[in-house]
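Topology and contacts: notes
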Amino acid sequence: MYAASSREALEGARVELEAALRGVDADAEIAIGTELLSVAETVADNRALRAALADSSAAPGSRAAVAESVLAGKVHEITRATVASAAARSWSKDSDLSAALQSLGREAMLQSAKRQDKLDKVEAELFRLGTIIKDSPELELALSDRSRSGQDRAELLTRLITGKVEPVTERLAVQAVVVDQLAPGDAIDQLSALAAATNGRKVAYVASAGELSAAQRTELAEKLSRIFDAPVTLHVEIDPELLGGVVVRVGDERIDGSIAGKLAALRRSLR
């Protein structure tokens, strides 16, 4: 979570980037997003550069000038301007700058998918991929093994998904597996939630004891949309251990309507 000054800095940089991207096509958005992700990794890995770009003791113009000089002629003009603008802002800690650049890169790529009417597909692909990884302990272990190089882990995931998902899905997933500190499945789940947010929706992660019919899914989505005052996308997983009913998680909110949950509550009340 960002502290107040970093949240304000990120929002300011986001507004500027969104305005700049209105004048480019989807392919350019993907290129800019990819560049921002690459810059974010470089900044995160280079302590001296990170300090130079986010040192609060240096004048904002000086920090922006460092970004300008480092990136001049190497990236798209919008990428360069975005990083320079971000560097000139106030960050609570220098690591927030690299995290913000990563967020902006991901958002730019998702906006490109939205522009091409592929955002729903990207969101669904990310959710399925996260589920596949979490359901395969061997794969998740291989993707999270820090004794393997980032390139090795990236190549492993790339071999599995190239040609089977949208290019935006592939680039986002591979980058997340390499750089995120979360478990790979959870990192990709976060991307799926970000894709939903880009579409103006919330994601409800639903664990159900059995398959839900189309009518049940529609009814549940409508109820959750009323509760959270926003359109809701359901991501449903089957968990027979619930015995019956469902458990729903939306953000930090958890609603346990399962039989197992009710039995556990009953046992607690009888202690």
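Preceding this section is the structure that the text describes.
Throughout what follows, the structure given in this document is the object of discussion. Since this is a predicted model, take the numbers as computed values, not measurements. (Residues numbered from 1 in each chain as written. Predicted model: local features only at pLDDT ≥ 70, side-chain atom pairs only at ≥ 80, totals over all residues. Heavy atoms only, no water.)

Focus: the environment of Thr79
Along the polypeptide, Thr79 turns up in helix α5 (residues 77–87). In sequence terms Thr79 and Ala113 are 34 residues apart; their C-alpha atoms lie 18 Å from each other. Once you skip the residues sitting within four places of it in the chain, Thr79 turns out to touch Ile32, Glu35 and Leu36. (Helix = DSSP H or I, 4+ residues; strand = E, 2+ residues; numbered from the N terminus. Contact = heavy atoms within 4.5 Å.)

Concerning the layout of surface pockets
Of the volumes computed, that of the largest pocket is approximately 1700 Å³. Contributing to the lining of the largest pocket are 45 residues, with Tyr2, Ser103, Arg106, Gln190 and Leu194 lying nearest its centre. Of all the secondary structure elements, the ones that give two or more residues to the lining of the largest pocket are α1 (4–21), α2 (26–45), α6 (94–115), α10 (167–179), α11 (184–198), β1 (202–208) and β3 (246–250). Broken down by class, the residue content of the lining of the largest pocket amounts to 20 nonpolar, 8 polar and 17 charged. Lining the second largest pocket are Glu125, Arg128, Leu129, Ile132, Ile133, Leu139, Leu157, Leu160, Ile161, Lys164 and Val165. Broken down by secondary-structure element, the contributors of at least two residues to the lining of the second largest pocket are α7 (119–134) and α9 (150–161). It is α7 that contributes the most residues to the lining of the second largest pocket, 5 residues altogether. (1 Å grid on protein atoms, 1.4 Å probe; cavity = no way out; pocket = protein on both sides within 12 Å on 5 of 7 lines; lining within 4 Å. Points joined across faces, edges and corners; volume = space filled by probe spheres on them. Nonpolar A, V, L, I, M, F, W, Y, C, P; charged D, E, K, R; others polar.)

Description of the pattern of salt bridges
All told, the structure shown has 17 salt bridges when counted by the stated rule. Here Asp94 makes a salt bridge to Arg50, at a shortest N to O gap of 3.4 Å. Taken together, the residues span a long stretch of sequence, with Asp94 in helix α6 and Arg50 in helix α3 (residues 47–54) at a distance of 44 residues. The partner of Lys93 in a salt bridge is Asp96, and the shortest N-O contact between them spans 3.3 Å. Taking the relative accessible area as the measure of exposure, Lys93 reaches 44% and is therefore partly exposed. (Salt bridge = Lys/Arg side-chain N within 4 Å of Asp/Glu carboxyl O. Buried < 20%, exposed > 50% of the residue type's maximum accessible area, 1.4 Å probe, protein only.)

Quick notes on the packing of α5 against α6
Two elements in contact, α5 and α6, have axes whose closest approach is 11 Å; the angle formed by their N-to-C orientations is 145 degrees. Where α5 crosses over α6, the handedness of that crossing is right-handed. Across the interface between the two elements, Thr82, Val83, Ala86 and Ala87 of α5 pack against Leu97, Leu101 and Leu104 of α6. The class makeup of the residues in the contact of α5 with α6 is 6 nonpolar, 1 polar and no charged. (Axes fitted to C-alpha atoms, helices over the stretch in contact; angles between N-to-C directions. Left-handed = near helix turned anticlockwise from the far one by under 90°.)

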